Amino acid sequence: ILLNWTVMILYNYFSAMFVGPGYVPLGWTPEKSQDCMYLQYCKVCQSYKAPRSHHCRKCNRCVMKMDHHCPWINNCCGYQNHASFTLFLLLAPLGCIHASFIFVMTMYTQLYNRISFGWSSVKIDMSAAKRDPRPIIPFGLSAFAASLFALGLALGTTIAVGMLFIIQMKVILTNKTSIESWIEEKAKDRIQYYQTGETFIFPYDMGSKWKNFKQVFTWSGIPEGDGLDWPVRDGCHQYSLTIEQLKQKADKRVRSVRYRAIEDYSGICCPVTKGVRTCFTTPCTEEPRIALSKGDLILATRGLKHWMYGEKILDSAVDGGIRERGWFPRKCVEKCQYDSETDQPVDGEKKNR
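Residues numbered from 1 in each chain as written. Predicted model: local features only at pLDDT ≥ 70, side-chain atom pairs only at ≥ 80, totals over all residues. Heavy atoms only, no water.

1. So, the overall build of the protein chain
In step 1: Secondary structure summary: the protein chain contains nine helices and 13 strands in total.
In step 2: Burial status across the protein chain gives 40% buried among its 353 residues.
In step 3: Counting only contacts in the protein chain whose residues sit at least 6 apart along the sequence, the fraction spanning at least 24 positions is 63%.
In step 4: In the structure as shown, the protein chain presents an accessible area of about 21200 Å², 60% of it carried by carbon and sulfur atoms. (Helix = DSSP H or I, 4+ residues; strand = E, 2+ residues; numbered from the N terminus. Buried < 20%, exposed > 50% of the residue type's maximum accessible area, 1.4 Å probe, protein only. Contact = heavy atoms within 4.5 Å. Areas by Shrake-Rupley, 256 points an atom, 1.4 Å probe, with all protein chains shown as cover.)

Here you go:
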């Protein structure tokens, strides 16, 4: 049985790794040219981002139905390998639960006649393995330590991977990805912030958990559709989600605040020279850091107590240059009092808009 667990776990693991998530074809455009106005354009892939696709910095491609980039499979979890990845998250804890049961029963049966309970101590006689010839496999101190260590690994894997499986099943049963759940939360925040009165309905939720489940898991192992066009629920547009993304992108530009660098920053993750708190509170994320030179302008969109995230304003950005976005220490920048484009205070501009 353990061998079967191992084969199924490794099969789904390598399937998720080598099959890949599926990428938007380079230079892809929608069939109707007027639909381009509903889509974002990727300068790296030189193509429009299809609905539910996102550009991955690690893979350097636009991934179809991207959920996240997983370092354990060194690939993205997306349209083609979402089922294999989720099955791996299910089978790994089940196999570890089976292994944990074996370890517990092994230690229990081997130690049952070797433990003596005194008034002040508990003694384990591990030398019984040498005196008793009945056990086929000798159970000494080293075997006990190895079994205890393996039991800890199995239980830790069960808890950690099992929680990831629960998270994945929650988004699958609502036919969402982790990124789309985040987009939906930001949509609610945008509507509440501006009091527009509109209602955002997630377009890919079929209204039934079973129908959403079948969007990912099929008997053939091949997911439905082509990864570019998706069925939507009644009353929703094919580009409802992408239109909301464009609105959030415009809102992000409005809410961004302009800062000017007052210190140089090399772009390392833990800058010791910027203070102990800045060094030890570095953001726990795969998002990059950007190097700063004194006088650089940055549009900050979000931040922590000692760190901020934003985009460096480059002269080549107007000409289609590659954008530089990432984290940088808060103490290296100061807030600009006036926006150079409108010559108005940034806070006032944000409030008016």
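2. Quick look at the UniProt feature "transmembrane region" (unreviewed entry) in the protein chain
In step 1: UniProt tags residues 87-108 and 136-167 as "transmembrane region" (unreviewed entry).
In step 2: Taken end to end, residues 87-108 is 100% helix and 0% strand, and its first and last C-alpha atoms sit 32 Å apart. (UniProt positions renumbered as here; feature names shortened; annotations may be inferred.)

3. Some words on the confidence of the model for the protein chain
In step 1: Looking at the protein chain, pLDDT values average 83 and 85% of them are 70 or higher.
In step 2: Helix α1 (residues 2-18) holds the highest mean pLDDT among the elements of the protein chain, 93, whereas helix α9 (residues 346-352) holds the lowest, 41.
In step 3: Contacts of residues 340-353 to residues separated by more than four positions or lying in other chains number 22 contacts, the stretch itself having pLDDT below 50. (pLDDT = per-residue confidence, 0-100.)

4. Let's talk about the sheet that holds strand β12 (residues 324-329)
In step 1: Pairing within the open sheet is antiparallel, and its five strands lie in the order β12-β11-β10-β9-β13. Edge positions in the sheet fall to β12 and β13 (333-335), since each of these pairs with one other strand and no more. Neighbour to neighbour, the strand axes of the sheet diverge by 45° on average, direction disregarded.
In step 2: In this sheet, β13 lies alongside strand β9 (residues 257-261) in antiparallel orientation, the contact comprising three bridges. Across the sheet, the residue bridging to Ala-261 is Val-333, located in β13. (Pairing = 2+ DSSP bridges. Axes fitted to C-alpha atoms, helices over the stretch in contact; angles between N-to-C directions.)

5. Notes on helix α5 (residues 178-194)
In step 1: Helix length check: α5 (17 residues) gives 25 Å between terminal C-alpha atoms against 24 Å at 1.5 Å per residue, within 8%.
In step 2: Restricting attention to buried positions, one finds in α5 the residues Ile-179, Glu-180, Ile-183, Glu-184, Ala-187, Arg-190 and Ile-191. Seen end-on, α5 carries its buried residues on one side only, within an arc spanning 140°.
In step 3: In the core, the buried residues of α5 are packed alongside β3 (54-56) and α7 (240-255).
In step 4: Looking one or two places after α5, you find Gln-195, whose phi comes out positive at around 55°. (Expected span 1.5 Å × (residues − 1). Arc of directions from axis to C-beta.)

6. What to know about the packing of helix α2 (residues 82-111) against helix α4 (residues 141-173)
Two quantities define a packed helix pair, namely the angle between the axes and the distance from one axis to the other.
In step 1: Where α2 meets α4, the axes come as close as 8 Å, and the angle between the chain directions of the two elements is 150°. One element, α2, and the other, α4, form an angle in the roughly antiparallel class. Of the two elements, α2 crosses α4, and the hand of that crossing is left-handed.
In step 2: Within the contact of α2 with α4, the residues separate by chemical class into 22 nonpolar, eight polar and no charged. (Parallel < 35°, antiparallel > 145°, perpendicular 65-115°, else oblique. Left-handed = near helix turned anticlockwise from the far one by under 90°. Nonpolar A, V, L, I, M, F, W, Y, C, P; charged D, E, K, R; others polar.)

7. Topic: the side chain of Arg-52
In step 1: Examined against the element boundaries, Arg-52 turns out to sit in the loop between β2 (47-48) and β3.
In step 2: Here Glu-180 takes part through its side chain, which lies 2.7 Å from a polar atom of the side chain of Arg-52.
In step 3: If near-sequence neighbours (up to four positions away) are discounted, Arg-52 is found in contact with Val-63, Met-64, Lys-65, Met-66, Asn-175, Lys-176, Glu-180, Phe-202, Tyr-204 and Trp-230. (Polar contact = N/O pair within 3.5 Å; in protein donor to acceptor, adjacent residues only side chain to side chain.)

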